[in-house]
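Close look at the chain arrangement
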Amino acid sequence: MESPFPPFDPGKPDIEDGPVRRRIPFRHIVPNLITILSICAGMTGIRLAFEGQFEFAVGMVLGAAFLDGIDGRVARLLKGQSRFGAEMDSLADIVNFGVAPGLVLYAYMLNEAGAFGWIAALLYASACALRLARFNTMLDDPKRPKWHSAFFVGVPAPAGAGLAMFPVYLSFSGLDLGFPEITATIASVYLVFIGLLMSSRLPTWSGKGAGLRVPRDYAIPIILAFVLYVALLLSFFWETLSVTAIVYFVSIGFSVRAFGKRAKRETRSAADQAGSR
């Protein structure tokens, strides 16, 4: 009897060389389970925002970003990468980092700006979708230099969602301007700005393929710094997130500078090779 469900890897026959059904390793499914959990976290964040539980709602969106950050690494660790998983990951990113942050922000403060706040949420979600579509097409570009893998083109979707929540971090930290309409308008403009950063061509560090190495003497200070960051995050959660967002903004300038230097170095290297022939 034929199964009512489509195969995991469409385009390939489910039965090969006779009646033996083709099987896939369970490790191919594990990363997709993590992706599904991230979708559930993003959707739950939207529900909690509608119920007025905004701190938990923001936590769910951040949790979705964490799960998104580990599903690809788990796939590579288990050697469970698949085209199916890559496509589902992009669809999850639309929900978790495009729709969810926009709706959470709108429910928390952008609604005070009326239609302008809603338009800002729509523009942000649209920019996120454009950014993800461009990312998928660039993966299939055979002419893209290998060293470009150390940089994203534009702010990545999970980081964009974290930056989009910056006004909420400040609000939860106790910063209150006392003018809801003005605050909502400023937050709306800021959200559109984050959408533009996501869909821009600014190079930002990806953390992949960078081959980062540190001197042995720096290993212990780096570990202690990480412990300090986690301790601050547990003790002063919203304040630490606010500072983290500011540090990320500053890092964009350094990543643009590093990309420019690397591009010039690669151009000179290619010119020297061409001249030596």
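Keep in mind the model is a prediction, meaning the values are calculated, not measured.

1. Topic: the overall build of the protein chain
Assigned secondary structure in the protein chain consists of 9 helices and 2 strands. Starting at the N terminus and walking to the C terminus, you meet the elements of the protein chain as α-α-α-α-β-α-α-α-β-α-α. The buried share of the protein chain, reckoned over its 277 residues, is 32%. Considering only contacts in the protein chain between residues 6 or more positions apart, those separated by 24 or more positions represent 81%. Element-wise, carbon and sulfur atoms account for 68% of the exposed surface of the protein chain, whose accessible area totals about 17,000 Å².

2. Some points on the nonpolar core
Of all hydrophobic cores here, the largest spans 40 residues; its most connected members are Val58, Met165 and Ile194. Going through the elements one at a time, helix H1 (30-50), helix H2 (54-78), helix H3 (83-108), helix H4 (115-139), helix H5 (157-164), helix H6 (166-172), helix H7 (180-199) and helix H9 (237-275) are the ones with two or more residues in this core.

3. A word on the packing of H1 against H3
One can describe the packing of H1 onto H3 by two numbers: an axis separation of 9 Å at closest approach and a directional angle of 15°. Taken together, the axis directions place H1 and H3 in an arrangement best described as roughly parallel. When you trace H1 past H3, the crossing you get is left-handed. Touching Asn32, Thr35, Ile36, Ser38, Ile39, Gly42, Met43, Gly45, Ile46 and Ala49 of H1 are Phe84, Gly85, Met88, Asp89, Ala92, Val95, Asn96, Val99, Ala100, Leu103, Val104 and Ala107, all from H3.

4. Looking at the pattern of salt bridges
For the structure shown, the criterion picks out 1 salt bridge. Put simply, arginine 47 and glutamate 51 hold a salt bridge, and the shortest N to O gap is 2.8 Å. On the basis of relative accessibility, which here comes to 55%, the residue arginine 47 falls in the exposed class.

5. Points about a nonpolar patch on the surface
A cluster of nonpolar residues, Ile223, Phe226, Val227, Tyr229, Val230 and Leu234, forms a patch on the protein surface that exposes about 610 Å² of accessible area. Summarising the element assignment, valine 227 is placed in helix H8 (residues 219-235). On the accessibility criterion, valine 227 (48% relative accessible area) is partly exposed.

6. Looking at the side chain of aspartate 93
Structurally, the position occupied by aspartate 93 is in helix H3. Of the side chains with opposite charge, arginine 131 lies nearest to the buried aspartate 93, which makes no salt bridge, at 7.9 Å. The residues touching aspartate 93, leaving out its near neighbours within four places in the chain, are Asp68, Gly98, Cys128 and Leu132.

7. Overview of the environment of valine 155
With respect to the helices and strands, the residue valine 155 is situated in the loop between strand E1 (151-153) and H5. When its relative accessible area of 2% is taken as the criterion, valine 155 is described as buried. Separated by 49 residues in the primary sequence, valine 155 and threonine 204 have C-alpha atoms spaced 6.2 Å apart. Other than its neighbours up to four places away in sequence, valine 155 contacts Arg131, Gly160, Leu163, Leu197, Met198, Thr204, Tyr248 and Ile252.

8. Details of the packing of aromatic side chains
The full count for this structure, using the stated rule, is 10 aromatic pairs. Relative to tryptophan 118, the ring of tyrosine 106 lies with its centre 5.2 Å away and its plane at 70°, an arrangement referred to as edge-to-face. In this pair, tyrosine 106 sits in helix H3 while tryptophan 118 sits in helix H4, placing the two residues 12 residues apart along the sequence. The exposure class assigned to tyrosine 106 is partly exposed, which follows from its relative accessible area of 25%. With a centroid separation of 5.2 Å and an interplanar angle of 85°, the aromatic rings of phenylalanine 151 and phenylalanine 259 are classed as edge-to-face. One end of the pair, phenylalanine 151, is in strand E1; the other, phenylalanine 259, is in helix H9, and 108 residues separate them in sequence. Taken together, the aromatic side chains of Phe54, Tyr108, Tyr169, Phe172, Phe237 and Trp238 make up a single cluster linked through ring pairs.

9. Quick word on the packing of H2 against H3
Where H2 contacts H3, the two axes come as close as 10 Å, and the packing angle between them is 160°. Viewed along their axes, H2 and H3 adopt a mutual orientation that is roughly antiparallel. Pair H2 / H3 crosses with left-handed handedness. Contact residues: H2 offers Phe54, Ala57, Val58, Val61, Ala64, Ala65, Asp68 and Asp71, while H3 offers Asp89, Asp93, Asn96, Phe97, Ala100, Pro101, Val104, Ala107 and Tyr108. Partitioned by chemical class, the residues of the contact of H2 with H3 number 12 nonpolar, 1 polar and 4 charged.

Thresholds, definitions, all that
- Residues numbered from 1 in each chain as written.
- Predicted model: local features only at pLDDT ≥ 70, side-chain atom pairs only at ≥ 80, totals over all residues.
- Heavy atoms only, no water.
- Helix = DSSP H or I, 4+ residues; strand = E, 2+ residues; numbered from the N terminus.
- Buried < 20%, exposed > 50% of the residue type's maximum accessible area, 1.4 Å probe, protein only.
- Contact = heavy atoms within 4.5 Å.
- Areas by Shrake-Rupley, 256 points an atom, 1.4 Å probe, with all protein chains shown as cover.
- Core = buried A, V, L, I, M, F, W, Y, C linked by side-chain atoms within 4.5 Å.
- Axes fitted to C-alpha atoms, helices over the stretch in contact; angles between N-to-C directions.
- Parallel < 35°, antiparallel > 145°, perpendicular 65-115°, else oblique.
- Left-handed = near helix turned anticlockwise from the far one by under 90°.
- Salt bridge = Lys/Arg side-chain N within 4 Å of Asp/Glu carboxyl O.
- Patch = residues over 30% accessible without salt bridge, like charges linked within 9 Å, V, L, I, M, F, W, Y side chains within 5 Å.
- Lys, Arg positive; Asp, Glu negative; His and termini not counted.
- Phe/Tyr/Trp six-rings, centres within 6.5 Å; stacked < 30°, edge-to-face > 60°.
- Nonpolar A, V, L, I, M, F, W, Y, C, P; charged D, E, K, R; others polar.

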